[in-house]
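# Coordinate inspection notes
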Amino acid sequence: MDGEALEEALNSVMFKHKCMLFENILTSPEIIDAVEHMEIRDGDVILVTYPKSGTVWTQQILSLIFNEGHRNGTEESKTVDIMPWIELKINSEDFTSRPSPRLFTSHLPYYLTPRDLKFRTGKIIYVCRNPKDALVSFYHFYKMKSNIKCTIHWETFIEFFVSGKVACGSWFDHVRGWYTHKEDFNILFVTYEEMKKDLRSAVKKICTFVGVNLDEKEIDTVVEKATFRNMKHDPLSNYTFVPKEHLDKSKGDFLRKGIVGDWKNIMTVAQSEKFDKVYKEKMGDLPIKFLWDLNEENAS
Ligand code: PPS
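Residues numbered from 1 in each chain as written. Predicted model: local features only at pLDDT ≥ 70, side-chain atom pairs only at ≥ 80, totals over all residues. Heavy atoms only, no water.

### Brief notes about the overall build of the protein chain
When its secondary structure is counted, the protein chain shows 12 helices and six strands. Its C-alpha atoms give the protein chain a radius of gyration of 19 Å, within 12% of the compact-globule value 19 Å for 300 residues. Counting only C-alpha atoms, the protein chain reaches 55 × 45 × 40 Å along its principal axes. Across the 300 residues of the protein chain, 55% fall into the buried class. A separation of at least 24 residues holds for 74% of the contacts in the protein chain among residues at least 6 apart in sequence. When the accessible area of the protein chain is evaluated, it comes to approximately 13800 Å², of which 52% is carbon and sulfur surface. Averaging the locations of the 41 positively and 45 negatively charged side chains of the protein chain gives two centres separated by 2 Å. (Helix = DSSP H or I, 4+ residues; strand = E, 2+ residues; numbered from the N terminus. Rg over C-alpha atoms; globule rule 2.2 N^0.38 Å. Buried < 20%, exposed > 50% of the residue type's maximum accessible area, 1.4 Å probe, protein only. Contact = heavy atoms within 4.5 Å. Areas by Shrake-Rupley, 256 points an atom, 1.4 Å probe, with all protein chains shown as cover. Lys, Arg positive; Asp, Glu negative; His and termini not counted. Charge placed at Lys NZ, Arg CZ, Asp CG, Glu CD.)

As structure tokens, then:
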């Protein structure tokens, strides 16, 4: 019964295009098709994620890396304007007029990204997060969505997440798709957990990949401005600008907890074991590893 109500609610706000689920209010089949033909330049950097995996966090990091020390008037710019989404209506500008190096953001699966990227033009940073924490984060996020009118039950949401009936489809297909096609792209994989464990090293790794040389003091600034604590109060990066027609902020925050292992606070042992079984079936053959816990109480 729960499942039927949720299915009906989700069907009314999403459409399927080329085997992927998208949100009506955010995009359209025409936009998705156009993205495949988008011209990519050498020097473009595209952040790609499955939802709730650290997108907004990495938008902040990349925006700072590219502008720290030489802000060029970006002090008052939102990260979403510095690094627009390529497949969303909210950024329906003409990207060709942007000066290089251009920064973009996307949740697209590997097979729908701009074709130019497959010729190793441009650089992709793929950020992934352990799926139990991504699931929990997505669950809380869905509960904030203004256009979902039914009550969302945790047990039901797990089933929908595992079977890919949520926006952007299956976490397993998304991560697997990008990982197994990594040779086709100029791509760096970063995990949410490694950023939590050692943000400074993660920032340096990203700097090296994108070819930006920051001195130690500039790196300190990037790290400081990208902590959960600081971003939570930074309206340029914390997505508090999302209108209430999209997100009901009385029900929670976009920057909710920002920790590794929150799944332990909500998943029962039985749910966790069932999830582990699916994870093993779908991802067990890949060398990719996730940290499921950092023994951490609070976000940095
Ligand atoms: S979205 O909607 O797909 O763009 O969401 P996304 O930004 O990928 O993921 C949101 C989660 O990332 C957490 N977050 C952070 N964690 C640690 N440090 C920093 N600075 C940070 N910024 C965002 C955010 O809190 C969401 O995770 P949860 O677990 O819900 O707190």
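### Examining the layout of surface pockets
Counted as a void, the largest pocket has a volume near 990 Å³. Taken together, the elements giving at least two residues each to the lining of the largest pocket come down to β2 (20-23), α3 (55-67), α4 (79-82), α5 (131-144), α8 (192-197) and α11 (228-232). With five residues, α5 is the largest single contributor of residues to the lining of the largest pocket. Across the lining of the largest pocket, the residue classes break down as 27 nonpolar, 12 polar and 11 charged. (1 Å grid on protein atoms, 1.4 Å probe; cavity = no way out; pocket = protein on both sides within 12 Å on 5 of 7 lines; lining within 4 Å. Points joined across faces, edges and corners; volume = space filled by probe spheres on them. Nonpolar A, V, L, I, M, F, W, Y, C, P; charged D, E, K, R; others polar.)

### Looking at the site of the ligand
Neighbouring the ligand are 20 residues; T55, S137, Y192, K257 and G258 lie closest to it. Y192 places a polar side-chain atom, nitrogen or oxygen, 2.7 Å from a nitrogen atom of the ligand. Considering the ligand on its own, with 640 Å² of exposed area, one finds that the protein chains cover 98% of that surface. Placement of the ligand is best described as lying within the largest pocket. The dominant element in the shell around the ligand, judged by the number of residues it contributes, is α3, at three residues. (Near = heavy atom within 4 Å. Polar contact = N/O pair within 3.5 Å; in protein donor to acceptor, adjacent residues only side chain to side chain. Sits in = over half its atoms within 2 Å of the grid points.)

### Quick word on helix α10 (residues 216-225)
Looking only at α10, the buried set comprises I219, V222 and V223. Viewed end-on, α10 has its buried residues packed into an arc of 95°, placing them on one side of the element. Where α10 starts, the residue carrying a side-chain oxygen 3.1 Å from the main-chain nitrogen of K217 turns out to be D215. (Arc of directions from axis to C-beta.)

### Quick look at the packing of α3 against helix α9 (residues 199-210)
The interhelical angle for the contact between α3 and α9, taken along N-to-C directions, is 60°, at an axis separation of 11 Å. One way to sum up the angle between α3 and α9 is to call them oblique. Of the two elements, α3 crosses α9, and the hand of that crossing is right-handed. Touching W57, I61, L62, I65 and F66 of α3 are L199, V203, I206, C207 and V210, all from α9. In the contact of α3 with α9, the residues fall into 10 nonpolar, no polar and no charged. (Axes fitted to C-alpha atoms, helices over the stretch in contact; angles between N-to-C directions. Parallel < 35°, antiparallel > 145°, perpendicular 65-115°, else oblique. Left-handed = near helix turned anticlockwise from the far one by under 90°.)

### Notes on the sheet that holds strand β5 (residues 123-128)
As summarised here, the arrangement of the four strands in space is β4-β3-β5-β6, forming an open sheet in which the pairing is parallel. Two strands lie at the open edges of the sheet, namely β4 (103-106) and β6 (187-191), each paired on one side alone. Within this sheet the neighbouring strands show an average axis-to-axis angle of 20°, counted without direction. Bridge analysis of strand β3 (residues 45-49) against β5 gives five bridges, and the strand direction is parallel. The partner of L47 across the bridge, within β5, is I125. Running over the sheet, helix α7 (residues 171-180) touches β3, β5 and β6 and is turned about 140° from β5. In the packing of α9 onto the sheet, the strands contacted are β3, β5 and β6, and the crossing angle to β6 comes to about 170°. (Pairing = 2+ DSSP bridges.)

Function-wise, these values are silent; they only describe arrangement.
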